[in-house]
Amino acid sequence: MKRHPAYDPPEYVQWQPDPEVQGEYAAALESQPGRARRVATLSADALLALYEGMLRFRLHDIALKRWVRQGVLSKAWLGTGEEAVTVGNVHALSPGDLVGPMIRNAGACHEMGMPLADMFRAYLGTADQITRGRDLHTGDPARGVVPPISFVASLVPVMGGMALASKLRGEGRVAMTWVGDGASRTAEFHEGLNQAAVLRVPLLLVLQDNQVALGTRREVQCPAPLADLGRAYGVPALTCQGNNVLDVYAATAEAVEICRAGKGPALLVATTFRMGGHATHDEAEARALFPPEVFEHWGRRDPIGTFEAWLQSARPDVAPGGDVAGLLAQVEERVVAQVEAAAEEALASRREHMPDPATLLEGVLAEAGAGPDSPAFPPRPLRAAGAPLER
């Protein structure tokens, strides 16, 4: 893919395939026969869809970063370098399955069918998208995308509840959500996972181990391997190389089968790395957390570049006449046009469809300022000891 010096991590700008890294890439796919078989059966269309999805994700993030530089936005939360996790996960699902992405999993939204323009509108706070300007966290329940909130791991019990509903109704649907290495320390994660484990619901938790939580390196706050959480709660725990989209896809397909067979929930630990800051405002601080060698290590493992190189060496059949590079360039040209058109559409909405302040309280269940002395909260007498509860 074309590199963008103004927006890409510096390690990506002059990216070239590294023979050692590409050897690791292929070895990961061959080390587990079950996963190797899954990858071998992927059609040319399925492989190109994985590539297109990762491109769409990165170019979506580049568009947001450009808006930050231009002053359109104050900041943006990006998934640069982690595209293979989200895209590989979603492509292993079946129609009807549910996802609850966090903000760094924006690629799940468009890969589940959400228009890119709606995703951009959410960042711009326009009235013509699902949050009506109230929140940049977005989704589309009609497409199986549950909108998150900013509290990390809050979707674990929510998606667990949806998985329970699927089980009780006999729908066969799997619910999936993502949790970072830092969010795996929160109460909602543990409470949600424990309940899901006790009830054996079809919930897939992807532990996205990108080595850092906000400004805290993982080993500082999480000394044990994340996969050990599976043993702690009595649920299957799989691992995968998070920058290898094919390994992520095959591992996710295994985990989905576990859940759909009634043996869930399941954990999938994907090891990756955050190539930027927590958001665009702290990139310099984030890069200071690790020595340059760490960024160089993960820079050689760019999930898009390594997949391109693998396609050209292992699957020349994806392109007529074996011209894989030419075909991928065509895919990129189409995605670039798609992203640019979506961004222009969202900017038009910002000009024409900003929220009306008069609608501020629409959908709000309790008005601001309503306290114990408000008519909305009529006084109730204290219940005497031993008296029955009112129903």
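Here is what the cut-offs are and how they apply
Residues numbered from 1 in each chain as written. Predicted model: local features only at pLDDT ≥ 70, side-chain atom pairs only at ≥ 80, totals over all residues. Heavy atoms only, no water. Helix = DSSP H or I, 4+ residues; strand = E, 2+ residues; numbered from the N terminus. Expected span 1.5 Å × (residues − 1). Buried < 20%, exposed > 50% of the residue type's maximum accessible area, 1.4 Å probe, protein only. Core = buried A, V, L, I, M, F, W, Y, C linked by side-chain atoms within 4.5 Å. Contact = heavy atoms within 4.5 Å. Pairing = 2+ DSSP bridges. Axes fitted to C-alpha atoms, helices over the stretch in contact; angles between N-to-C directions. Patch = residues over 30% accessible without salt bridge, like charges linked within 9 Å, V, L, I, M, F, W, Y side chains within 5 Å. Areas by Shrake-Rupley, 256 points an atom, 1.4 Å probe, with all protein chains shown as cover. Salt bridge = Lys/Arg side-chain N within 4 Å of Asp/Glu carboxyl O. Parallel < 35°, antiparallel > 145°, perpendicular 65-115°, else oblique. Nonpolar A, V, L, I, M, F, W, Y, C, P; charged D, E, K, R; others polar. Right-handed = clockwise from strand over helix to strand, strands pointing away. Polar contact = N/O pair within 3.5 Å; in protein donor to acceptor, adjacent residues only side chain to side chain.

Trainee: An account of helix α4 (residues 44-70) is requested, with residue identities and associated values reported.
Mentor: The end-to-end C-alpha distance of α4, which contains 27 residues, comes to 39 Å, matching closely the 39 Å that a straight helix rising 1.5 Å per residue would cover. Here α4 lies mainly inside the structure; 20 of its 27 residues are buried.

Trainee: Provide a residue-level description of the nonpolar core, including the pertinent values.
Mentor: W67, F120, L204, L246, F307 and W310 are the most contacted members of the largest nonpolar core, which has 79 residues in total. Not counting residues up to four positions away in its chain, the partners in contact with W67 are V72, L73, F120, L124, A343, A346 and L347. Counting 25 residues, the second-largest nonpolar core is a separate cluster that includes V156, F189, A196 and A197.

Trainee: Could you give an account of the sheet that holds strand β7 (residues 266-271), naming the residues involved and the relevant values?
Mentor: With parallel pairing, five strands are arranged side by side in an open sheet as β1-β2-β3-β7-β6. Each edge of the sheet is formed by a strand with only one pairing partner; in this case those strands are β1 (98-100) and β6 (237-241). Neighbouring strand axes in the sheet, compared pairwise and without regard to direction, differ in orientation by 20 degrees on average. Pairing analysis gives six bridges linking strand β3 (residues 203-209) to β7, with the strands arranged parallel. Considered in β7, the bridge of Q208 is made with A270.

Trainee: Outline a nonpolar patch on the surface, supporting the account with residue identities and numerical values.
Mentor: Residues L360, L361 and V364 make up a contiguous nonpolar surface patch of about 280 Å² in total accessible area. Structurally, L361 is set in the segment after α16 (324-352).

Trainee: Lay out the packing of helix α2 (residues 19-30) against helix α15 (residues 303-314) with the relevant residues and their values.
Mentor: In contact at an axis separation of 10 Å, α2 and α15 are set at 75 degrees when each is read in the N-to-C sense. The pairing of α2 with α15 is recorded here as roughly perpendicular in orientation. On α15, the residues that touch V21, Q22, Y25 and L29 of α2 are T306, F307, A309 and W310. Residues of the contact of α2 with α15, tallied by class, amount to six nonpolar, two polar and no charged.

Trainee: Could you give me a rundown of the pairing of β3, with the residues and numbers involved?
Mentor: The element β3 is extensively covered by neighbouring structure, given that seven of its seven residues are classed as buried. After leaving strand β2 (residues 175-180), the chain enters helix α9 (residues 187-199) and then returns to the sheet as β3, a path that is right-handed.

Trainee: Can you lay out the pattern of salt bridges for me, pointing to particular residues and giving the numbers?
Mentor: Side-chain pairs of opposite charge can arise where the charged atoms are in close proximity. Within the structure shown, the criterion is met by 25 salt bridges. The residue R132 makes a salt bridge to E362 at a minimum N-O spacing of 3.6 Å. With R132 in the loop between α7 (116-124) and α8 (155-169) and E362 in the segment after α16, the pair connects residues that are 230 residues apart, well separated along the chain. The salt bridge involving D317 is made with R315; its shortest N-O contact spans 2.8 Å. Here the salt bridges share partners, and the residues they tie into one network are R3, R58, E83 and D302.

Trainee: Explain the side chain of S166 to me, and be specific about the residues and the numbers.
Mentor: In this fold, S166 is placed in helix α8. For S166, the residues in contact, after removing those within four places along its chain, are E171, G172, R173 and P202.

Trainee: Talk me through the pairing of β7; I want residue IDs and the actual numbers.
Mentor: Buried residues dominate β7, accounting for five of its six residues. Pairing of β6 with β7, which is carried by five bridges, proceeds in the parallel orientation. In the strand pairing of β7, L238 is matched with L268. Regarding the hand of the β-α-β motif, the stretch spanning β6, helix α12 (residues 245-260) and β7 is right-handed.

Trainee: Describe the environment of R301, and please don't skip the residues or the numbers.
Mentor: Mapped onto the elements of the fold, R301 is located in the loop between α14 (292-299) and α15. In this structure R301 comes out as buried when scored by relative accessible area, which is 11%. Once residues lying within four places of it in the same chain are set aside, the contact partners of R301 are W15, V21, E24, N243 and T306. At a separation of 2.8 Å, a polar atom in the side chain of R301 contacts the main-chain carbonyl oxygen of H297.

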